[in-house]
Structure formats: structure tokens, C-alpha cells
Amino acid sequence: MVTGSEAEFDEPSPVVSRLWYVAYGSNTHRARLDAYLRGGRSADGGDRTYPGCRDPRPPERTVGVMLPGALYFATRSPVWGGGRAFYDPAVAGEIPARAYLLTAGQFSDIAHQEMFRAPGTELDLRRVLRHGRDRLGPGRYETLVRAGTLDGLPLLTFTAPWGLHEVPPVAPTGPYLRQLGSGIAEAHGWPVARVARFLASCPGAAGHWSAPAVEAVLPGGQ
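Scoring rules and cut-offs
Residues numbered from 1 in each chain as written. Predicted model: local features only at pLDDT ≥ 70, side-chain atom pairs only at ≥ 80, totals over all residues. Heavy atoms only, no water. Phe/Tyr/Trp six-rings, centres within 6.5 Å; stacked < 30°, edge-to-face > 60°. Helix = DSSP H or I, 4+ residues; strand = E, 2+ residues; numbered from the N terminus. Buried < 20%, exposed > 50% of the residue type's maximum accessible area, 1.4 Å probe, protein only. Axes fitted to C-alpha atoms, helices over the stretch in contact; angles between N-to-C directions. Parallel < 35°, antiparallel > 145°, perpendicular 65-115°, else oblique. Contact = heavy atoms within 4.5 Å. Nonpolar A, V, L, I, M, F, W, Y, C, P; charged D, E, K, R; others polar. Core = buried A, V, L, I, M, F, W, Y, C linked by side-chain atoms within 4.5 Å. 1 Å grid on protein atoms, 1.4 Å probe; cavity = no way out; pocket = protein on both sides within 12 Å on 5 of 7 lines; lining within 4 Å. Points joined across faces, edges and corners; volume = space filled by probe spheres on them. Polar contact = N/O pair within 3.5 Å; in protein donor to acceptor, adjacent residues only side chain to side chain. Pairing = 2+ DSSP bridges. Salt bridge = Lys/Arg side-chain N within 4 Å of Asp/Glu carboxyl O.

K.L.:
Looking at this model, I keep getting lost on the packing of aromatic side chains. Mind explaining?
P.N.:
For any two aromatic rings, the description comes down to two numbers: the centre-to-centre distance and the angle of the planes. Within this structure, the stated rule accounts for 13 aromatic pairs. Measuring from ring centre to ring centre gives 5.4 Å for Tyr21 and Phe158, while their planes differ by 20 degrees; the resulting arrangement is stacked. In this pair, Tyr21 is assigned in strand E2 (residues 18–23) and Phe158 in strand E9 (residues 153–159), connecting sequence segments 137 residues apart. Owing to a relative accessible area of 2%, Tyr21 belongs among the buried residues under this scheme.

Put into C-alpha cells, the structure is as follows:
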């Protein structure tokens, strides 16, 4: 069960060796996450080669979770073209995501790779574990968010320092929506039509992508 929210967490020690990394973007797709862990280029799309984590082992567990907040598309991805997925925990709503049980070191290395930096140094997780949020820098994925607790371990993700209403929306590309949609279907077992309706409703996609158009680019879609 997921418990808690972006708030103060009353715990005796903010130090953890294992945690849940919560993916809401392209890393909802397991093959994409494997490229971050093992290194190399994912076979599922995207024009980038990843250095990989120091510890390339697969996740100990993988579960579908629902995050409180909103998913939106903004800025422009050099990997996919079009808008990138971001998470705003301050906006009312709920989004389907995927939680991977990893080591703190693996989470750190994935975060570095998201910011196009070399992996190899540990992130200081004390503030995000205690306060629910920590801005490490101005970059697109340098703000850490604690989204709750699952089975006694923290759920951590990263997003931009700005919120949904502070940046202009940018429509995502079809290949990027296919990646997200495939990951949501894998994690939650949703039918294609339900995945398409959710993605088409997200700011950035809404008004540019209809649910039938999203469904057409998803695996198994018409």
C-alpha cells in the first residue's frame, strides 16, 4: 500500500540503502529502465546510449502504483523530440506510475543519467526523505520528490523545479507516447483504450492528441 504524501516524514533515520524509484515517464517501460541499469541503447526507441549504473542488477521488485498529482508535458526532449513528461505533486489528480525496488546507489546513477551526467556519485537523500522534497539544482530532473511509502520503504522520483502552470505545454511525439503507454499497460494491466484516454487528457497532449489518435500509436491499438 502507498501511504504518505509530499510532507514531513517523522522517522528516526533518514538514511536508506533500498528504496522505490517511481517512474512516470519513459522509464515506466521496463526495457527502457534496463538501458539505464545495464548501459547501452534501449531497443524500444530513443536516440541515446546510456553509460549504465555501477550496479547493473535488475530491480528486486516491480509494482504499479498511483501517484497523487498530475502528469504534464513540457520543454523539448533531445531524445524523443516533443514534450517531456514531468510530475507535479501539488496538482489534484492521480497518475499511473511504476515503482522499482532499487538500491540508493542505483537511484542516484539513474538520476545522474537523466540529467546527462556521468553516474558514480551518491545523491544526498536526507532532505527529501525527511521533508518530502529537495531541489538539488535548476535542471529538468534535479528536484527530488518523496511520494509516500510502500512496504516500509520510501517512494522517490524526480521532476522539474517548476510546476505545471509555470511553463508552456509542449506536445509529446507519438514514439514517446508509445513508450509511456506501453509502460503503463505493463505495470497496471490497463486496456489500450484506457491508457490512451489518460495520456490524451494530460496537459501538453490535451488539445494536440485525441484519445483515438493516441490509441493508434500504442501497441495493440487500432
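K.L.:
In this structure, what is going on with the packing of helix H1 (residues 30–38) against helix H2 (residues 104–114)? I would like to understand it.
P.N.:
Two quantities define a packed helix pair, namely the angle between the axes and the distance from one axis to the other. Here H1 crosses H2 at 100 degrees, and the two axes come no closer than 9 Å. Compared by their axis directions, H1 and H2 come out roughly perpendicular. Here Leu33, Tyr36 and Leu37 of H1 come into contact with H2, specifically with Gln106, Ile110, Gln113 and Glu114. Here the contact of H1 with H2 is built from residues that sort into 4 nonpolar, 2 polar and 1 charged.

K.L.:
I tried to follow H2 on my own but got confused; where do I start?
P.N.:
Burial within H2 is extensive, with 11 of its 11 residues counted as buried. Looking at H2, one finds that the buried residues are Ala104, Gly105, Gln106, Phe107, Ser108, Asp109, Ile110, Ala111, His112, Gln113 and Glu114. Close packing links the buried residues of H2 with E2, H1, strand E6 (94–103), strand E8 (143–150) and E9. Residue Phe116 follows H2 closely and has a positive phi angle near 60 degrees.

K.L.:
Sorry, what's going on with the nonpolar core here?
P.N.:
Among soluble globular proteins, nonpolar side chains are generally buried collectively. Counting residues in each nonpolar core, the largest one holds 66 residues, and the members touching the most others are Tyr21, Leu71, Phe73, Phe107, Ile110, Leu125 and Leu199. Not counting the four nearest positions on each side in its chain, Leu125 is found in contact with Leu19, Ala104, Phe107, Leu144 and Leu156.

K.L.:
Even after reading the chapter, I still don't get empty space enclosed by the protein, so can you show me in this structure?
P.N.:
If a probe the size of a water molecule is rolled over the atoms, the empty space left behind becomes visible. Under the criterion given, the structure shown has 1 cavity of 30 Å³ or more. Its volume calculated, the largest cavity comes out at about 260 Å³. Lining the largest cavity are 24 residues, with Ser26, Tyr36, Glu114, Tyr141 and Tyr176 sitting closest to its centre. At the level of secondary structure, the elements contributing two or more residues to the lining of the largest cavity comprise E2, H1, strand E5 (84–88) and E9. A per-element tally of the lining of the largest cavity places E2 first, with 3 residues. Of the residues in the lining of the largest cavity, the class split is 14 nonpolar, 5 polar and 5 charged.

K.L.:
Looking at this structure, I do not really get the side chain of Asn27. What am I missing?
P.N.:
Here Asn27 is to be found in the loop between E2 and H1. In terms of polar contacts, Asn27 uses its side chain to reach the side chain of Tyr21, at 3.0 Å. Filtering out sequence-adjacent residues up to four positions away, Asn27 remains in contact with Tyr21, Arg32, Leu33, Tyr36, Tyr100, Ile110 and Glu114.

K.L.:
Explain the pairing of E9 here, please?
P.N.:
Along any regular strand, the residues point their side chains to alternate faces of the sheet. The element E9 is largely enclosed, with a buried count of 7 among its 7 residues. Summarising the sheet, E8 and E9 pair through 7 bridges and their orientation is antiparallel. Looking at E9, one finds that Thr149 is bridged to Pro154. Counted along the chain from E8 to the antiparallel partner E9, the turn is 2 residues long, and its residue Asp151 has a positive phi close to 55 degrees.

K.L.:
Just to check I follow, could you spell out the pattern of salt bridges for this structure?
P.N.:
Two side chains that carry opposite charge are able to pair once their charged atoms sit near each other. Enumeration according to the criterion identifies 11 salt bridges in this entry. For Asp34, the salt bridge is made with Arg30, and the minimal N-O distance between the two is 2.9 Å. Here Arg30 and Asp34 lie together in helix H1, a separation of 4 residues that amounts to about one turn. Taking the shortest distance from any N to any O, the salt bridge between Arg54 and Asp109 comes out at 2.9 Å. Of this pair, Arg54 sits in the loop between H1 and strand E3 (62–68) while Asp109 sits in helix H2, placing them 55 residues apart in sequence. Assessed through its relative accessible area of 1%, Asp109 is described here as buried. What you see here is one network of salt bridges that share partners, running through Arg30, Asp34 and Arg38.

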